[in-house]
Amino acid sequence: MALNLRQKQTECITRMLNLNQPVNATGTANEEVYKILIYDRFCQNILSPLIHVKDLRKHGVTLYFLIDKDRKPVHDVPAVYFVQASQQNIQRIIADASASLYDSFHLNFSSSIPRALLEDLASGMLNSDSIQRISKVHDQYLDFVTLEDNLFSLAQKSSYVQLNDPKAGDREIEEIIERIVNGLFCVLATLGVVPIIRCPRSGPAEMVASALDQKLRDHLLSKNNLFSEGGNFASSFQRPILCIFDRNFELSVGIQHDFRYRPLVHDVLGLKLNRLSVQGEKGGMKSFELDSADPFWVANGWLEFPEVAVEIETQLNKYKKDVEEVNKRTGGNDGAEFDGTDLIGNTKHLMNAVNSLPELTERKQVIDKHTNIATVLLGEIKERSLDSYAKKENDMMIRGGIDRSELMGVLKGKGSKMDKLRFAIIYLISSETINQSEVEAVEAALRESEVDISAFQYVKKIKSLNVSLASANSASRNNIVDWAEKLYGQSISAVTAGVKNLLSNDRQLALTRTVEALVEGRPNPEIDSYLMFDPRAPKSSSGSNHLKGPFKEAIVFMIGGGNYMEYGSLQELAKRQQPVKHVIYGTTEILTGDEFVEQLALLGQKMGLGNTVAPSTH
């Protein structure tokens, strides 16, 4: 069975809402218990894309609150807590129990609660004489946000800045790596699989892969490990591959404009946790949900925007035709096939019409929703020439440069400040060599538009450092400081001509090409140097050949921020394979192009680059 992260995480949450009792085939407990749900902000974001209010009611949840809000006592009712394991949350739980807010407390932590915090909880409960109120304490290993069946985020903010900060010390880097490893461990525990891990040498990818390998090894030594259920014959016979990369592997994808529907909706309209708010047709803001329950979004999300507009028109015409057909059969308009003498026939037509109404209404709602979204998108596209940005950036990445007059034309033309900055950075990344006078002209044009050029200068600095640090990867990689000092060498494939060679005319990304090679497992010069970890094997035989594929399932994880462009490219790869493969894409956080460039600007400022004009998106 294919790995389905959304389904697995939803099952875990359902079990938790039913006081961690087994649930029946309908997804509810055999005995209904009314309860209260308490969560923190982070766990609210975990629940939001998976569980709706009606689902909470189905599982007996009558009230739900944020943990940091003041709450009144509710007697004779159990409370389910779903929170991160933090000192603040532990103190709040102790305060709630000592105030006898609820009859019993079922505590669920989103990941494993550290021993020190567990001891704090126990002593706090004993001191307030409320230990009897604690029914159960569970580690749920759900410390990640699943947005689609094959898409997840660890929701760890600004990890790119933290990992690339020139002032970051050993301990800070280790803490970030540990946080990423814990998040990935939760994902694997939820899926119940121990993968083969592959990653490029050096940099954050190797550090995460190595630490995750060790964490899995240590965990597998315990008898009751989380993978003993998932270690059945099927899953141990064909294990997935986990490919770990760092954002510097392919910097451009985090910055480029994309003209496909899903990436556009995310990048331009700010899709967050599968929801977005846009201006309604009659004024006022409208909020929409875009997830697997929306058939139009699922079917057309990866089409270019003009094709989506045509598809909306097609669906609308089909809907009108079906409504006309119903009216015709029930005598709702002139020329109807309605025979006054045929009572049985007429009744049958009416019954069919009544039965088709909910489906027609639902279709109309979906069409209206996407018409509204597409209208707002079209306004932005026209105002900012987003189609032109997407095409020209893609051409630059393929050709390895752009004509100077065309370059200056874009920078002085339509588009927000951030659009122009992103375009300028793609110009830098795609150029094989830096033309000093051209770069100065670009910086002058950006300054003229009052754009903060910190991010541009940061990428320029990386690019110039690549020449002098090209040998960094072959140097000693033993300690974190070595890596931190030479991190710019890690981004060679992102900011030199290597990217151009990896990008073919069909827009296939370097990441996708590399994942394809890793999944196939054939000898390939691009991946021959990649490291391999097998947490189930003795350390000495970690690189044995029988583990090199081909694999049916892959989990691809991007450290430092991912996006819908990358996700879409990997899903296309999975469908293109024969037989069809299954690819899950995850990242530390999902970023729009603007958000990622803001992180680059922050790094530029930390290095004393750029000017003092405040960054603005418009």
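See the structure above.
In short, a report on the structure.

Cut-offs applied
- Residues numbered from 1 in each chain as written.
- Predicted model: local features only at pLDDT ≥ 70, side-chain atom pairs only at ≥ 80, totals over all residues.
- Heavy atoms only, no water.
- Helix = DSSP H or I, 4+ residues; strand = E, 2+ residues; numbered from the N terminus.
- Buried < 20%, exposed > 50% of the residue type's maximum accessible area, 1.4 Å probe, protein only.
- Contact = heavy atoms within 4.5 Å.
- Areas by Shrake-Rupley, 256 points an atom, 1.4 Å probe, with all protein chains shown as cover.
- Pairing = 2+ DSSP bridges.
- Axes fitted to C-alpha atoms, helices over the stretch in contact; angles between N-to-C directions.
- Salt bridge = Lys/Arg side-chain N within 4 Å of Asp/Glu carboxyl O.
- Phe/Tyr/Trp six-rings, centres within 6.5 Å; stacked < 30°, edge-to-face > 60°.
- Core = buried A, V, L, I, M, F, W, Y, C linked by side-chain atoms within 4.5 Å.
- Parallel < 35°, antiparallel > 145°, perpendicular 65-115°, else oblique.
- Nonpolar A, V, L, I, M, F, W, Y, C, P; charged D, E, K, R; others polar.

### Topic: the overall build of the chain
- Broken down by element type, the chain carries 25 helices and 14 strands.
- Counting all 618 residues of the chain, 53% fall into the buried class.
- For the chain, long-range pairs separated by at least 24 residues make up 79% of all intrachain contacts whose partners lie at least 6 apart in sequence.
- Accessible surface computed for the chain: about 27900 Å², of which carbon and sulfur atoms make up 52%.

### Some details on helix α23 (residues 510–520)
- With respect to burial, α23 is a largely interior element, 9 of its 11 residues being buried.
- Residues of α23 that are buried include every one of A510, L511, T512, T514, V515, E516, A517, L518 and V519, and no others.
- Looking one or two residues past α23, G521 carries a phi angle of roughly 75 degrees, positive in sign.

### A look at the sheet that holds strand β2 (residues 61–66)
- Pairing is parallel across the open sheet formed by 5 strands, whose spatial order is β2-β1-β3-β4-β5. At either margin of the open sheet sits one strand with a lone partner, and together these are β2 and β5 (134–139). Pairwise comparison of adjacent strand axes, ignoring direction, gives a mean angle of 15 degrees for this sheet.
- Bridge count for strand β1 (residues 35–39) against strand β3 (residues 78–83) is 4 bridges, and the pairing is parallel. Bridge pairing links L37 to V80 in β3.
- Most of the contacts of helix α4 (residues 87–98) go to strand β4 (residues 104–109), to which it runs at about 170 degrees, and overall it touches β3 and β4.

### Focus: the pattern of salt bridges
- A complete count under the given rule lists 31 salt bridges for this structure.
- Linking K460 and E443 is a salt bridge whose minimum nitrogen-to-oxygen distance equals 2.9 Å. Taken as a pair, K460 in helix α18 (residues 454–468) and E443 in helix α17 (residues 436–448) lie far apart in primary sequence, 17 residues in all.
- A salt bridge links R522 to E520, with the nearest nitrogen and oxygen atoms 3.2 Å apart.
- Three or more residues are tied together by salt bridges with common partners; here these are D70, R71, R92 and D96.

### Brief notes about the environment of L66
- Here L66 shows up in strand β2.
- Separated by 29 residues in sequence, L66 and L37 place their C-alpha atoms 8.6 Å apart.
- Once residues within four sequence positions are removed from consideration, L66 is found in contact with I38, Y39, D40, R41, Q44 and R71.

### A word on the packing of aromatic side chains
- Inspection of the entire model under this criterion finds 16 aromatic pairs.
- Taking the centre distance of 5.4 Å and the plane angle of 15 degrees together, the rings of Y81 and F105 count as stacked. Taken together, the positions of Y81 in strand β3 and F105 in strand β4 put the pair 24 residues apart, joining distant regions of the chain.
- On the basis of relative accessibility, which here comes to 0%, the residue Y81 falls in the buried class.
- Here the aromatic rings of Y141 and F185 are separated by 5.8 Å at their centres, their planes lie at 65 degrees, and the arrangement is edge-to-face. In this pair, Y141 sits in the loop between β5 and β6 (145–148) while F185 sits in helix α7 (residues 170–191), placing the two residues 44 residues apart along the sequence.

### Some details on the environment of G415
- Structurally, the position occupied by G415 is in the loop between α15 (404–411) and α16 (417–430).
- According to the relative accessible area criterion, G415 is partly exposed, its value standing at 25%.
- Along the primary structure G415 and I381 are separated by 34 residues, whereas in three dimensions their C-alpha atoms are 9.1 Å apart.
- Not counting chain neighbours up to four residues away, the residues in contact with G415 comprise E383, R384, Y389 and K420.

### Describing the nonpolar core
- Judged by nonpolar contacts, the single largest core of 72 residues is most densely connected at I13, F245, Y261, V265 and L276.
- For this core, the element with the highest residue contribution is α23, accounting for 6 residues.
- With sequence-adjacent residues up to four places away left out, Y261 is seen in contact with F296, W297, N300, G301, L303, F305, V308, H370, I373 and L377.

### Quick look at the packing of helix α1 (residues 5–17) against α7
- With their axes 9 Å apart at the nearest point, α1 and α7 run at an angle of 85 degrees to one another. On the basis of the axis angle, α1 is roughly perpendicular to α7. Contacts from L5, K8, Q9 and C12 in α1 reach V187, T190 and L191 in α7.
- Residues belonging to the contact of α1 with α7 are distributed by class as follows: 4 nonpolar, 2 polar and 1 charged.

### Considerations on the pairing of strand β13 (residues 553–559)
- Buried residues dominate β13, accounting for 7 of its 7 residues.
- Of the two faces of β13, the one lined by E553, I555, F557 and I559 and the one lined by A554, V556 and M558 are each fully buried.
- Taken together, the 6 bridges between strand β9 (residues 241–246) and β13 define a ladder with parallel strand orientation. Of the residues in β13, the one forming a bridge with F245 is M558.

### Thoughts on the sheet that holds strand β7 (residues 151–153)
- Read across the sheet, 7 strands follow the order β6-β7-β14-β13-β9-β8-β12 without closing on themselves; strand pairing throughout is mixed. Strands with a single pairing partner mark the edges of an open sheet, and in this sheet they are β6 and β12 (531–533). This sheet shows a mean twist of 20 degrees between the axes of neighbouring strands, independent of strand direction.
- Strands in contact with α1 are β6, β7 and β14 (582–587); relative to β6, the strand with the most contacts, it is inclined by about 130 degrees.

Distances and angles like these do not, on their own, reveal function.
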